[in-house]
Amino acid sequence: MRMEKLRATGRFLRYSPKVSVFDRRLSSNSGKSIHSSASGYGNGFGKKCRDDVIRKWNGRACFGLYGYQGKNFRDCMERGVLDDTRRIQHRGFGSLAEKVQRNASFSTLNSDDISHFKGILGEKNVVEDEERLTIANTDWMHKYRGSSKLLLQPRSTEEVSQILKYCNSRNLAVVPQGGNTGLVGGSVPVFDEVVVNMSLMNNVISFDKVSGILVCEAGCILENLITFLDNQGFIMPLDLGAKGSCQIGGNVSTNAGGLRLVRYGSLHGTVLGLEVVLANGDVLDMLGTLRKDNTGYDLKHLFIGSEGSLGIVTKVSILTPPKLFSVNVAFLACQDYFSCQKLLVEAKRKLGEILSAFEFLDSHALDLVLNHLDGVRNPLPPTIHNFYVLIETTGSDETCDREKLEAFLVHAMEGGLISDGAIAQDINQASAFWYIREGVPEALMKAGAVYKYDLSLPVEKMYDLVDEMRTRLGDSANVVGYGHLGDGNLHLNVSTPQYDDKTLAQIEPFVYEWTSAHRGSISAEHGLGLMKANKIFYSKPTATVNLMASIKKMLDPKGILNPYKVLPHSIDSHS
């Protein structure tokens with residue numbers, strides 16, 4: 001009988017004082033056995049009768065709540081961790097080769113403007129320091145760089161309102177900015193726009209422990225909200241690799257997807273209300289906390305994902321789920337992409353409501369992480385596998401959840417969908433597994449130049465694009481595929497020693513044409529920003545884009561809010 005292996009790594013940690021160790025002894029051909037130890041990886045087990053497996057897996061399963069402490073990307077950049085990446089000034093790659101012209105109708109900042117802002121914010125929160133402006137002008141990839149001469153840091157909605165009212169009257173262009181962790185140039189100036197940074201608006205306003213509804217200011221860092229809610233017995237429905245830097249206002253403005261969308265859905269479903277300041281300074285109070293409110297148009301959805309082009313989000317009301325203590329993480333190997341697809345289908349059927357994440361990465365992505373990030377080790381033996389899947393389950397019944405996971409893994413092995421695997425058995429191992437997946441973007445940055453594409457595609461077609469891109473580029477580039485398989489989101493990355501026009505010409509517009517031909521989206525969760533503003537027609541018909549432009553014209557007649565982003569430049573410049 002063909003042998004399939006699943007490795008148990010170390011001890012399972014329960015969320016209680018008692019820690020039990022698996023006592024798994026399963027004989028297959030009487031020579032192989034399963035065992036686990038507190039310090040390493042077990043021997044694995046052979047394919048055997050399902051009943052034997054379940055009967056002999058008689059240890060307690062790992063149901064600890066864990067949290068990977070995400071790296072602060074902005075801090076990394078400022079400390080020079082990413083300084084070895086290629087810095088591009090005055091020239092862009094990845095849809096930036098097309099030149100953007102400054103809108104001549106925008107005014108230029110003068111000393112009177114600065115004095116006025118100091119009257120609103122005080123000296124301290126009107127920043128002209130060159131070093132701080134360099135950080136605000138540059139995205140974390142060092143790919144986009146503006147030339148703003150002024151950074152404003154409001155502390156209240158009223159101050160944001162006064163800033164925008166004045167900028168609108170003076171026709172000064174504005175860029176709203178949160179944690180500045182975006183990947184498409186949406187959160188940095190293109191030219192000399194005034195940066196309005198929301199970092200000082202970082203207060204939790206209220207939290208209802210009965211309903212789980214959180215109301216907070218837009219500048220709250222996502223990881224801080226996660227910690228706050230953890231202490232209350234709840235969780236954020238959103239989790240990102242950049243959680244140590246990104247802010248909830250930016251998350252909402254870009255409709256960030258993240259790692260657990262397969263379980264909790266998008267922000268369009270969890271955000272209950274917003275407070276938004278319009279371009280003319282008017283405050284739009286939509287900060288409701290009701291699950292149901294069917295009175296007229298639900299205008300908050302206009303601002304979720306609009307990337308600050310229609311208004312600046314100042315407060316957010318969001319529904320948060322209760323924290324569940326039965327958590328498992330498995331890192332699995334598959335020989336082909338079809339097995340990954342089948343595994344997803346089976347996970348949805350057999351894990352059902354406890355499935356909280358289903359991520360995948362190819363062998364190229366894993367190699368990058370192992371070679372470029374310190375302290376990362378492969379949970380599996382050094383056998384070559386083509387694909388890896390990270391599965392997380394979250395539930396409330398330890399025994400039931402354990403049985404579900406065990407049954408699922410046995411079924412997947414018997415069906416040949418899994419060729420190897422490891423189950424995290426304590427919090428540290430769970431965090432280590434997640435770091436492999438979350439560390440891919442950082443590893444790509446350290447490897448050299450990278451062309452990044454965030455695409456939504458039918459699951460069965462997702463990896464076809466990666467294969468075709470590899471054929472197209474040959475040995476000149478390392479094409480990497482990973483992402484959120486559970487919701488059809490591919491992160492296609494092309495890693496090269498340096499940026500060059502020849503490589504870009506091979507990638508674009510092919511990647512957009514391919515995505516459009518397969519009825520996908522050219523932006524699954526990163527937004528359009530500057531990088532893809534002119535590419536929107538690959539995903540949206542002309543009539544739809546024209547309606548978007550009409551809405552922009554109505555809410556921001558002078559076009560001062562985050563110009564050159566989201567909408568095609570030919571339309572935006574005439575807004």
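What counts, and where the lines are drawn
Residues numbered from 1 in each chain as written. Predicted model: local features only at pLDDT ≥ 70, side-chain atom pairs only at ≥ 80, totals over all residues. Heavy atoms only, no water. UniProt positions renumbered as here; feature names shortened; annotations may be inferred. Axes fitted to C-alpha atoms, helices over the stretch in contact; angles between N-to-C directions. Helix = DSSP H or I, 4+ residues; strand = E, 2+ residues; numbered from the N terminus. Parallel < 35°, antiparallel > 145°, perpendicular 65-115°, else oblique. Contact = heavy atoms within 4.5 Å. Nonpolar A, V, L, I, M, F, W, Y, C, P; charged D, E, K, R; others polar. Core = buried A, V, L, I, M, F, W, Y, C linked by side-chain atoms within 4.5 Å. Buried < 20%, exposed > 50% of the residue type's maximum accessible area, 1.4 Å probe, protein only. Expected span 1.5 Å × (residues − 1). Arc of directions from axis to C-beta. Pairing = 2+ DSSP bridges. Phe/Tyr/Trp six-rings, centres within 6.5 Å; stacked < 30°, edge-to-face > 60°. Lys NZ or Arg CZ within 6 Å of the ring centre and 35° of its normal. Patch = residues over 30% accessible without salt bridge, like charges linked within 9 Å, V, L, I, M, F, W, Y side chains within 5 Å. Areas by Shrake-Rupley, 256 points an atom, 1.4 Å probe, with all protein chains shown as cover. Salt bridge = Lys/Arg side-chain N within 4 Å of Asp/Glu carboxyl O. Polar contact = N/O pair within 3.5 Å; in protein donor to acceptor, adjacent residues only side chain to side chain.

As annotated in an unreviewed UniProt entry, the protein carries the name D-2-hydroxyglutarate dehydrogenase and is attributed to Rosa chinensis. Per UniProt, the protein carries the Cofactor (unreviewed entry) text "FAD".

Peer 1: Whenever I open this one, the packing of helix 14 (residues 427-438) against helix 15 (residues 440-447) confuses me. Can you help?
Peer 2: Angle between the axes and distance between the axes are the two parameters that describe a pair of packed helices. In contact at an axis separation of 5 Å, helix 14 and helix 15 are set at 50 degrees when each is read in the N-to-C sense. It follows that helix 14 is oblique to helix 15 by the angle criterion. Contact residues: Y435, I436, R437 and E438 in helix 14; V440, P441 and E442 in helix 15. Residue composition of the contact of helix 14 with helix 15, by class: four nonpolar, no polar and three charged.

Peer 1: Just to check I follow, could you spell out the nonpolar core for this structure?
Peer 2: Side chains of a nonpolar character, in soluble globular proteins, are inclined to be buried together. If you look at the biggest cluster of nonpolar residues, it comprises 150 residues, and the most contacted ones within it are F117, L274, L343, Y453 and L492. Discounting residues that sit within four places of it in the chain, F117 has contacts with L109, G122, V126, L150, L152, I163, Y166, C167 and L172. If you look at the next biggest cluster of nonpolar residues, it comprises five residues, including V127, L133, A136 and L151.

Peer 1: Could you clarify how one ought to interpret the environment of L150 in this entry?
Peer 2: Secondary-structure assignment places L150 in the loop between helix 4 (130-137) and strand 3 (151-152). Exposure remark for L150: the relative accessible area of 0% places this residue in the buried category. Placed 23 residues apart in sequence, L150 and V127 show a C-alpha to C-alpha distance of 5.9 Å. Leave out the neighbours within four places in its chain, and L150 touches L109, I114, F117, V126, V127, E128, L133, V194 and V195.

Peer 1: Which parts of the structure should I look at to understand helix 16 (residues 462-473)?
Peer 2: Every α-helical turn comprises 3.6 residues, leaving residues that sit three or four positions apart pointing alike. The terminal C-alpha atoms of helix 16, which comprises twelve residues, lie 18 Å apart, in line with the 16 Å expected from a rise of 1.5 Å per residue. Every buried residue of helix 16 is accounted for by M462, Y463, L465, V466, M469 and L473. End-on, the buried residues of helix 16 take up no more than an arc of 145 degrees, which puts them together on one face. Phi turns positive, to about 60 degrees, at G474, one or two residues after helix 16.

Peer 1: Before we go on, may I ask you to explain the sheet that holds strand 3 in this structure?
Peer 2: Strand pairing in a sheet is mediated by backbone hydrogen bonds. Such pairs are either parallel or antiparallel. Strand order in the open sheet made by the four strands is 2-3-5-4, with mixed pairing throughout. Only two strands of the sheet have a single neighbouring strand rather than two, namely strand 2 (126-127) and strand 4 (174-177). Pairing of strand 2 with strand 3 involves two bridges; the strand directions are antiparallel. Paired with V127 across the two strands is L151, which belongs to strand 3.

Peer 1: Help me out: how do you make sense of unusual backbone geometry in this one?
Peer 2: Trans is the prevailing form of peptide bonds, just as negative phi is the prevailing case for residues other than glycine. Between E508 and the following residue, P509, the backbone shows a cis peptide bond with an omega angle of 5 degrees. For P509, the location among the structural elements is in the loop between helix 17 (501-507) and helix 18 (510-517). Despite not being glycine, N255 shows a phi value in the positive range, around 50 degrees. Even without glycine at this site, N562 takes up a positive phi of about 45 degrees. Examined against the element boundaries, N562 turns out to sit in the loop between helix 19 (542-555) and helix 20 (569-572). Exposure remark for N562: the relative accessible area of 2% places this residue in the buried category.

Peer 1: Just to check I follow, could you spell out the packing of aromatic side chains for this structure?
Peer 2: Each aromatic ring pair is described using two quantities: the centre-to-centre distance and the angle formed by the ring planes. Following the criterion strictly, the structure yields 15 aromatic pairs and no others. With 5.3 Å between their ring centres and 75 degrees between their planes, F191 and Y564 make a pair best called edge-to-face. Pair noted here: F191 is in the loop between strand 4 and strand 5 (194-197) and Y564 is in the loop between helix 19 and helix 20, with a separation of 373 residues, a long-range link. Given a relative accessible area of 6%, Y564 falls into the buried group. A ring pair is formed by F360 and Y463, whose centres lie 6.4 Å apart and whose planes are at 75 degrees; its orientation type is edge-to-face. Separated by 103 residues along the polypeptide, F360 in strand 12 (residues 355-362) and Y463 in helix 16 bring together distant segments of the chain. Aromatic ring contacts, followed pair by pair, group Y337, F360, F387 and Y463 into a single cluster. A cation over a ring is seen here: R472 above F510, with NZ or CZ 4.3 Å from the ring centre.

Peer 1: Can you help me understand a nonpolar patch on the surface in this one?
Peer 2: A contiguous nonpolar patch, built from Y297, L299 and L302 and spanning about 340 Å² of accessible area, is present on the exposed surface. Using a relative accessible area of 37% as the deciding quantity, one classes L299 as partly exposed.

Peer 1: Mind showing me how you'd approach helix 11 (residues 337-350) here?
Peer 2: With 14 residues, helix 11 ought to run about 20 Å at 1.5 Å a step, and its terminal C-alpha atoms sit 20 Å apart, in line with that. Among the residues of helix 11, those classed as buried are Y337, S339, C340, Q341, L343, L344, E346 and A347. Buried positions along helix 11 lie against strand 11 (326-334), strand 12, strand 13 (387-395), helix 13 (398-414) and helix 16. Regarding helix 11, its N-cap is D336, as a side-chain oxygen of that residue lies 3.4 Å from the backbone nitrogen of F338 further along. Just beyond helix 11, the residue with positive phi is G352, at close to 55 degrees.

Peer 1: Even after reading the chapter, I still don't get the sheet that holds strand 10 (residues 312-319), so can you show me in this structure?
Peer 2: An order of 6-7-10-8-9 is seen for the five strands of this open sheet, with the pairing classed as antiparallel. Either end of the sheet is taken by a strand with one partner, and the two such strands are strand 6 (204-208) and strand 9 (283-286). On average, each strand axis in the sheet is inclined to that of its neighbour by 10 degrees, with strand direction left out of account. When strand 6 meets strand 7 (residues 213-217), the two strands line up antiparallel, connected through four bridges. Its bridge partner lying in strand 7, S206 is registered against V215.

Peer 1: How should I be thinking about the side chain of H569 in this particular structure?
Peer 2: Within the secondary structure, H569 sits in helix 20. Residue class for H569 comes out buried when judged on its relative accessible area of 16%. In this view, H569 contacts V100, L530, A533, N534 and Y564; residues no more than four positions away in its chain are not counted.

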